[in-house]
Amino acid sequence: MDQRVSFITLVVTDLEVTRRFYVDGLGWEPEIHVPGEVLMFKVADKVVLSLWTESGFVAEVGQAPARGGVPPVTLSHNLATTQGVDTVLEQARAAGASQVGEASERDWGGYSGYFADPDGFRWEVAYNPGEIGQSVLP
């Protein structure tokens, strides 16, 4: 198996609320939107973020996802500057993100903050001056 990820799929409780957050609030453009089923965004050259309804997940996977608490995964959006981090966190706040954390200098040498989307998935918004952080910038 090649060392790569093609799709990241998150199960959401209300696809329309999720669409409003990502499309209307953050300004993302979907590649595919099937109302009541799935919303897909091309987020990198060969990576798609898929937001899937719980009913679709259960029908295909056969088991309901665990709910409650903070999902034990984060998604990260890296930027070239600390000012960019502050700008995106403000955009997320204006889009209705919950639990927007103020950005701060991190022990690992970068600068980051977090916000939660409508289903509680945590997004890290970061400036990472290290080699790996710089390698993922567009």
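Rules and cut-offs
- Counting of residues starts from 1 at the beginning of each chain's written sequence and follows it residue by residue.
- Since the coordinates come from a predicted model, pLDDT governs what is reported: local features require at least 70, and pairs of side-chain atoms require 80 or more to be given and counted, while whole-chain, interface and lining totals use all residues.
- Note that water and hydrogens are dropped before the side-chain values are worked out from all heavy atoms of the structure.
- The criterion for an aromatic pair is that two Phe, Tyr or Trp rings (for Trp, the six-membered ring) have centres within 6.5 Å, with stacked assigned to planes under 30 degrees apart, edge-to-face to planes over 60 apart and tilted to the rest.
- Segments assigned H or I by DSSP are reported as helices when at least four residues long, segments assigned E as strands when at least two residues long, and all are numbered from the N terminus.
- Here the expected span of a helix is defined as 1.5 Å times the quantity of residues minus one.
- Burial classes: relative accessible area under 20% of the type maximum marks a residue as buried, over 50% as exposed, and values in between as partly exposed (1.4 Å probe, protein chains only).
- Within this analysis, the arc is defined by the directions that extend from the helix axis to the C-beta atoms.
- Contact between two residues is taken to exist if any of their heavy atoms lie within 4.5 Å; hydrogens are not considered.

Participant: Sorry, what's going on with the packing of aromatic side chains here?
Facilitator: What describes a pair of aromatic rings is the distance from one ring centre to the other and the angle between the planes of the rings. Overall, the coordinates contain 9 aromatic pairs when judged by the stated rule. Considering the side-chain rings of Trp28 and Phe41, the 5.2 Å spacing of their centres and the 80° angle between planes classify their relative orientation as edge-to-face. Here the residue Trp28 occupies a position in the loop between helix 1 (15–25) and strand 2 (32–34), and Phe41 occupies one in strand 3 (residues 38–44), the gap between them amounting to 13 residues. A network of ring pairs unites the aromatic residues Phe21, Tyr22, Trp28, Phe41, Phe115 and Trp123 as a single cluster.

Participant: What is the right way to look at helix 3 (residues 82–94) in this model?
Facilitator: Working note: α-helix, 3.6 residues per turn, so residues spaced by three or four point in the same direction. The terminal C-alpha atoms of helix 3, which comprises 13 residues, lie 19 Å apart, in line with the 18 Å expected from a rise of 1.5 Å per residue. Among all positions in helix 3, only Gly84, Val85, Val88, Leu89 and Ala92 are buried. One face of helix 3 carries all of its buried residues, which in axial projection span an arc of 135°. Within helix 3, the exposed residues directed more than 90 degrees away from the buried face are Gln83, Thr87 and Ala94. In the core, the buried residues of helix 3 are packed alongside helix 1, strand 5 (74–79), strand 7 (111–116) and strand 8 (122–127). Among the residues trailing helix 3, Gly96 stands out with phi positive, at a value near 100°.

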